[in-house]
Amino acid sequence: MNYFPDEVIEHIFEYVGSHRDRNALSLVCRSWYRIERCTREKVFIGNCYSITPERLIQRFPSLKSLTLKGKPHFADFSLVPHGWGGFVYPWIEALAKGKVALEELRLKRMVVSDESLELLSRAFPNFKSLVLVSCEEFTTDGLAAIAANCKWLRELDLQENEVDDHKGQWLSCFPDSCTSLVSLNFACLKGEINTGVLERLVARSPNLKSLRLNRSVPLDALQRILARAPQLVDLGVGSLVHDPAMETFAKLMTTMNKCKSITSLSGFLEVTPRCLTAMYPILPKLTSLNLSYAAGIPGSDLIKLIRHCKKLQRLWIMDSIGDKGLGVVANTCKELQELRVFPSDNIGQHAAVTEKGLVAISMGCPKLHSLLYFCHQMTNAALITVAKNCPNFIRFRLAILDATKPDPDTNQPLDEGFGAIVQSCRRLRRLSLSGQLTDKVFLYIGMYAEQLEMLSIAFAGESDKGMLYVLNGCKKLRKLEIRDCPFGNTALLTDVGKYETMRSLWMSSCEVTVGACKVLAMKMPRLNVEIFNENEPADCEPDDVQKVEKMYLYRTLAGKRKDAPEYVWTL
Amino acid sequence: MSTPLEHDYIGLAEKKKIPSSSSSSSSEDGKTFKETELRLGLPGSESPERKPLSGVSLSLFGNLNNNNNVMNHHVHVAGAKRGFSDAIDAKWAFSDAHGSDSDLGKPSALFSPRGSGNVVGKPPLDPKTISTQQGNSINTPASASQSIKESKPLQEKNPQLPATNEHASAPASKAQVVGWPPIRSFRKNTMASNLTKNNDEAEGKPGFGCLYVKVSMDGAPYLRKVDLKTYSNYKELSSALEKMFSCFTIGQCNSPGLPGKDGLSESSLRDLLHGSEYVLTYEDKDGDWMLVGDVPWEMFTDSCRRLRIMKGSEAIGLAPRAVEKSKSQN
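Residues numbered from 1 in each chain as written. Chains lettered and ligands numbered in written order. Predicted model: local features only at pLDDT ≥ 70, side-chain atom pairs only at ≥ 80, totals over all residues. Heavy atoms only, no water.

Each helix and strand in chain A was counted, giving 19 helices and 23 strands. In chain A, buried positions account for 63% of the 571 residues. Summarising the internal contacts of chain A: among those between residues at least 6 apart in sequence, 71% fall at separations of at least 24. As displayed, chain A has an accessible area near 21500 Å², and 53% of this comes from carbon and sulfur atoms. (Helix = DSSP H or I, 4+ residues; strand = E, 2+ residues; numbered from the N terminus. Buried < 20%, exposed > 50% of the residue type's maximum accessible area, 1.4 Å probe, protein only. Contact = heavy atoms within 4.5 Å. Areas by Shrake-Rupley, 256 points an atom, 1.4 Å probe, with all protein chains shown as cover.)

Next comes the structure, spelled out in structure tokens:
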């Protein structure tokens, strides 16, 4: 029912950006579906195997920006064997064939070959932005192709990728005519780069706002680069190691004083702590600070730094800061919204963090809504306090280093603590559990976590009931990943329709058998049920009663995929 | 030195609190309570070590994989919980010392740890039994026997021990389950290489792996560096420093010290250090100068940034003891 001409609706739709909203729009009526699909420029595909590239191109002719995710989340933790899939080449090939005017490609956990980067760089003359997160299999040769061929490149953002560094000088491949860079992040590269080339690149990129260096860029080069880019907003320092020439250091301090726009700081892969004083001029303005790779900064120096960061909204840090340090964070960073505390290899145990640090944070930072917290222990009392202090959690991820540790004060499981979290944080969308947990915690989750979309469970639960509570209760569940829990066939098969409402389910080292997976696959043709059989010869049919080591199922319109390795059985 | 607080992701350091009943032989079927305890020692050993008991890890929780590449049937007992242990790659769990004795149960599928398995010995943590065993508590017979009952049919499943040695003797302080704690492998790899790098370039106190600190001595023309990690107590440190700086003090020694004679110069230096003239001090993390020897060794190595062998006369105000000591000896 349209009271407006199409052009008006199109115009209105321009204001609708989020893909979820757009998805909703497209379901209203046929004409809205049509208008929406013709005007959508950005598409997000959470599972690259859920749909074929051809179908995507067919539906969205105006496609300019594509986000793709490949491997399941647990691949981050080495649970997915090599070669599983997530190859981007077929997508790039199809997009090229379909003459899509691609401008932006964002990939996460995908296999990106140099060939795909080559093809990408040549097939899309308007290509502007490449973001690769946790990808693998490309080398600096692929980067060279991007640098050389993408005339209008604005963004090259490499986050935590495994990149093979070949001896070629990929940075030199940016032609002199390339002046459009806005964002360049190569912090994850391990090799040397030519700092002279980098300096010149920075010098001719007046729009450069974000620059993240790798560890091969020394202090003096950093100073020269920053001198040419005082307009930077986001800086990743590769290495800040003492230069014997005091002059360079003094120069750096002067230069930092001129960088008045930096609000985001990261890196310090190599650092001499006393050089951090050079950073002090920019600390008060920082809204984002990522020191999670700065193993060289001892806790005491971290604390000294933090005291200056009153405007911080996002903090990623290592647990060497200690509970005491987190107390300082709580007192200083009143605007804190996101906190991630990563475990260090610190042998001095007293420097690590416990529930005390988290409680302190919750008391001092009421705006906190995202948390990733690796700690040595957690108590129910602490979680209950945190739940009370911070009812705004959207993401709450707790990783106790000893995965099944109970509350050390009471020796009880952490059911009540997490129960309090889900009960209090009604907007919780993502939750990761750890510590000793019975079925009860899942009862709570099913009851209270109404907005929960992603749940990660490890070494928890007692029976199928646990998983069933979750499947029944969490209506908005999209991703469920379970490892080492006693959930079996009953839990898997009770509500098979549920899985079509979800993106994916991962179960590894649980009690599910091959037979049950077969039943599931048969009942639900629009699911790909993959089981990984790494240790058996490919032609050996697994026994139905055999337990499945790893199962990954996902809804799909693309049918069984053709690029699965031998050890993956799609049932 | 106290039991080393090996600090690994699974909080192994906790383990020292666990009543360390001696690890029983791994091959018995009769599961006693003790065998279900969290333990790290080899049979017969009491100290927490990286190699856990074969028996412990397998008994309750089903079959453990005997090697990375076997992913066969699970012998599964209905109702038995798959515990933490199942997730642990048995490779590291068993030294071959136990292998021969063990009752080789059916191998079961474990975490398939392809390549990532630098899993080293750690006793499994069955959520059920762990609850009664962890921390400081004494095992509650009731729940333990219940868990034992539940998994009884599983009996002893000591896996064969194929080349587990390399894993069993993997870096001492790392006893990890594949994929736990959940850290991106990129981050893990980066931190690992950071560690080596920092060790190589150790300057001041990088904080991990080694602890090179500068040592200065008042009046000496140049400084030295020592790795605090190579000493385990103050005595060792002090004698090492004595040896290092003896050459600077010969001339100032009150007693006739003949250069070149180790014994003589050492003793004169010792006299100096412990006696009248010199006091060993250190700068801690907060930048304060402290007297060496007040805090436990571990705490000292954690907070010490540099050392200074200070003239007694300057040590006034640092600590009354030092002053009195220097006065009394003069």
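Quick look at helix 14 (residues 380-389) of chain A now. Residue and element names in this part refer to chain A. Looking at helix 14, one finds that the buried residues are Asn380, Ala382, Leu383, Val386 and Ala387. Along the axis of helix 14, the buried residues cluster in a sector spanning 160°; they form a single face. In this fold, the buried residues of helix 14 make contact with helix 13 (355-364), strand 16 (395-400) and helix 15 (415-424). (Arc of directions from axis to C-beta.)

With that settled, the discussion passes to unusual backbone geometry. Along the chain, Trp180 of chain B connects to Pro181 of chain B via a cis peptide bond; the corresponding omega equals 0°. With respect to the helices and strands, the residue Pro181 of chain B is situated in the loop between helix 7 (165-168) and helix 8 (185-200). Although it is not a glycine, Ser78 of chain A sits at a positive phi angle of roughly 65°. Within the fold, Ser78 of chain A resides in the loop between strand 2 (65-69) and helix 5 (89-97). Even without glycine at this site, Asp484 of chain A takes up a positive phi of about 55°. One can find Asp484 of chain A in the loop between strand 19 (479-483) and helix 18 (489-493).

All names here are of chain B. Spatially, 2-1-5-3-4 is the arrangement adopted by the five strands of the open sheet, whose pairing is mixed. Sheet topology places strand 2 (224-227) and strand 4 (289-291) at the edges, where each strand pairs with a single neighbour. The average undirected angle you get between the axes of adjacent strands in this sheet is 30°. Where strand 3 (residues 278-284) lies against strand 4, three bridges are found, and the strand directions are antiparallel. (Pairing = 2+ DSSP bridges. Axes fitted to C-alpha atoms, helices over the stretch in contact; angles between N-to-C directions.)

This part covers the pairing of strand 13 (residues 314-318) of chain A. All names here are of chain A. The buried fraction of strand 13 is high, at four of five residues. Both strand 12 (residues 288-290) and strand 13 contribute to a ladder of three bridges, which runs parallel. By the bridge assignment, Asn290 is partnered in strand 13 with Trp316. At this point the chain moves from strand 12, through helix 11 (residues 299-306), to the parallel strand 13, and the crossover so formed is right-handed. On the question of chirality, the crossover connecting strand 13 to the parallel strand 14 (residues 338-342) by way of helix 12 (residues 322-332) is right-handed. (Right-handed = clockwise from strand over helix to strand, strands pointing away.)

Residue and element names in this part refer to chain A. Counting buried positions along helix 7 (residues 140-149) gives seven out of ten residues, so the element sits mostly inside the fold. Those residues of helix 7 that fall on the buried side of the exposure criterion are Thr140, Gly142, Leu143, Ala144, Ala145, Ile146 and Ala147. Along its buried surface, helix 7 packs onto helix 6 (114-123), strand 4 (129-133), strand 5 (136-139), strand 6 (155-159) and strand 7 (162-164). Between the side-chain oxygen at the start of helix 7 and the backbone nitrogen of Asp141 there is a gap of 3.0 Å, and the oxygen is on Thr139. (Polar contact = N/O pair within 3.5 Å; in protein donor to acceptor, adjacent residues only side chain to side chain.)

It is worth spelling out the pattern of salt bridges at this point. Summed over all chains, the structure comprises 35 salt bridges over all chains. Residues Glu36 of chain A and Arg40 of chain A are paired through a salt bridge, measuring 2.8 Å at the closest nitrogen-oxygen approach. With respect to burial, Glu36 of chain A and Arg40 of chain A carry one shared label: buried. Across the salt bridge formed by Arg308 of chain B and Asp218 of chain B, the nearest N and O atoms sit 3.1 Å from each other. With a gap of 90 residues between them, Arg308 of chain B in strand 5 (residues 304-311) and Asp218 of chain B in the loop between strand 1 (212-217) and strand 2 connect regions that are remote in the sequence. There is no split in this pair, since Arg308 of chain B and Asp218 of chain B are both buried. What emerges from the salt-bridge pattern is a single network uniting Asp76, Arg109 and Glu160 of chain A together with Arg184 and Arg187 of chain B. (Salt bridge = Lys/Arg side-chain N within 4 Å of Asp/Glu carboxyl O.)

What follows concerns the pairing of strand 18 (residues 454-458) of chain A. Residues and elements named next belong to chain A. Of all five residues in strand 18, five are buried, a share of seventy percent or more. Side-chain alternation along strand 18 places Met454, Ser456 and Ala458 on one buried face and Leu455 and Ile457 on a second face that is also buried. With helix 16 (residues 439-448) bridging strand 17 (residues 430-432) and its parallel neighbour strand 18, the resulting β-α-β unit is right-handed. Here strand 18 pairs with strand 19 via five bridges, running parallel. Within strand 19, the position partnered with Ser456 by the bridge is Glu481.

Turning our attention to the packing of helix 16 of chain A against helix 17 (residues 464-473) of chain A. Residue and element names in this part refer to chain A. Two numbers describe how helix 16 lies on helix 17: the axes approach to 8 Å, and their chain directions differ by 5°. Classified by the angle their axes make, helix 16 and helix 17 are roughly parallel. For the pair helix 16 and helix 17, the contacting residues are Asp439, Phe442, Leu443, Ile445 and Gly446 in the first and Lys465, Gly466, Tyr469, Val470 and Gly473 in the second. (Parallel < 35°, antiparallel > 145°, perpendicular 65-115°, else oblique.)

Let us now look at the side chain of Glu36 of chain A. All names here are of chain A. Along the polypeptide, Glu36 turns up in helix 3 (residues 30-39). A residue is classified by how much of its surface remains accessible, and Glu36, at 0% relative accessible area, is buried. Here Arg40 takes part through its side chain, which lies 2.8 Å from a polar atom of the side chain of Glu36. Residues contacting Glu36, with those up to four places away along its chain left out, are Phe13, Arg22, Leu25, Ser26, Arg59 and Phe60.

One pass over the full model with this rule turns up 23 aromatic pairs over all chains. Between Tyr49 of chain A and Trp84 of chain A the ring centres are 5.6 Å apart and the planes differ by 80°, which places this aromatic pair in the edge-to-face class. Of the two residues, Tyr49 of chain A is situated in the loop between strand 1 (42-45) and helix 4 (53-59) and Trp84 of chain A in the loop between strand 2 and helix 5; the sequence distance between them amounts to 35 residues. Aromatic pair Phe342 of chain A and Phe374 of chain A: ring centres 6.1 Å apart, planes at 25°, arrangement stacked. Here the residue Phe342 of chain A occupies a position in strand 14, and Phe374 of chain A occupies one in strand 15 (residues 370-375), the gap between them amounting to 32 residues. Accessibility classification places Phe342 of chain A together with Phe374 of chain A in one group, the buried group. Chaining the aromatic ring pairs together yields one cluster made of Tyr49, Phe74, Phe77, Trp84, Trp506, Phe532, Tyr552, Tyr554 and Tyr567 of chain A. Residue placement shows Arg561 of chain A over the ring face of Tyr49 of chain A; its charged tip is 4.5 Å from the ring centre. Here Arg187 of chain B stacks its cationic end above the ring of Phe342 of chain A, 3.5 Å away from the centre of that ring. (Phe/Tyr/Trp six-rings, centres within 6.5 Å; stacked < 30°, edge-to-face > 60°. Lys NZ or Arg CZ within 6 Å of the ring centre and 35° of its normal.)

A word on a nonpolar patch on the surface. There is a patch of nonpolar side chains on the surface, built from Tyr3, Phe4, Val8 and Ile12 of chain A and spanning about 450 Å² of accessible area. Looking at the secondary structure, you find Phe4 of chain A in the segment before helix 1 (6-13). (Patch = residues over 30% accessible without salt bridge, like charges linked within 9 Å, V, L, I, M, F, W, Y side chains within 5 Å.)

Once that is clear, we can look at the nonpolar core. Counting 192 residues, the largest nonpolar core has Trp170, Leu240, Phe396, Ile445, Leu492 and Leu505 of chain A as its most contacted members. Beyond its immediate stretch of four places on either side in the chain, Trp170 of chain A contacts Thr140, Leu143, Ala144, Ala147, Leu156, Leu184, Phe186, Leu189 and Ile193 of chain A. If you look at the next biggest cluster of nonpolar residues, it comprises 22 residues, including Ala240, Met244, Tyr278 and Tyr282 of chain B. (Core = buried A, V, L, I, M, F, W, Y, C linked by side-chain atoms within 4.5 Å.)

This part takes up the environment of Ala516 of chain A. All names here are of chain A. If you trace the backbone, Ala516 turns up in helix 19 (residues 514-523). Since its relative accessible area comes to 5%, Ala516 is described here as buried. Note: C-alpha distance between Ala516 and Thr490 (26 residues apart in sequence) is 8.6 Å. Among residues more than four places away in sequence, those in contact with Ala516 are Asn489, Leu492 and Leu493.

Tracing the chain through its elements places Ile400 of chain A in strand 16. Ile400 of chain A sits in the buried class, given a relative accessible area of 0%. In this structure the C-alpha to C-alpha distance between Ile400 of chain A and His376 of chain A, which are 24 residues apart in sequence, comes to 5.5 Å. If near-sequence neighbours (up to four positions away) are discounted, Ile400 of chain A is found in contact with Cys375, His376, Gln377, Met378, Lys405, Leu414, Ser434 and Gly435 of chain A together with Trp180 of chain B.

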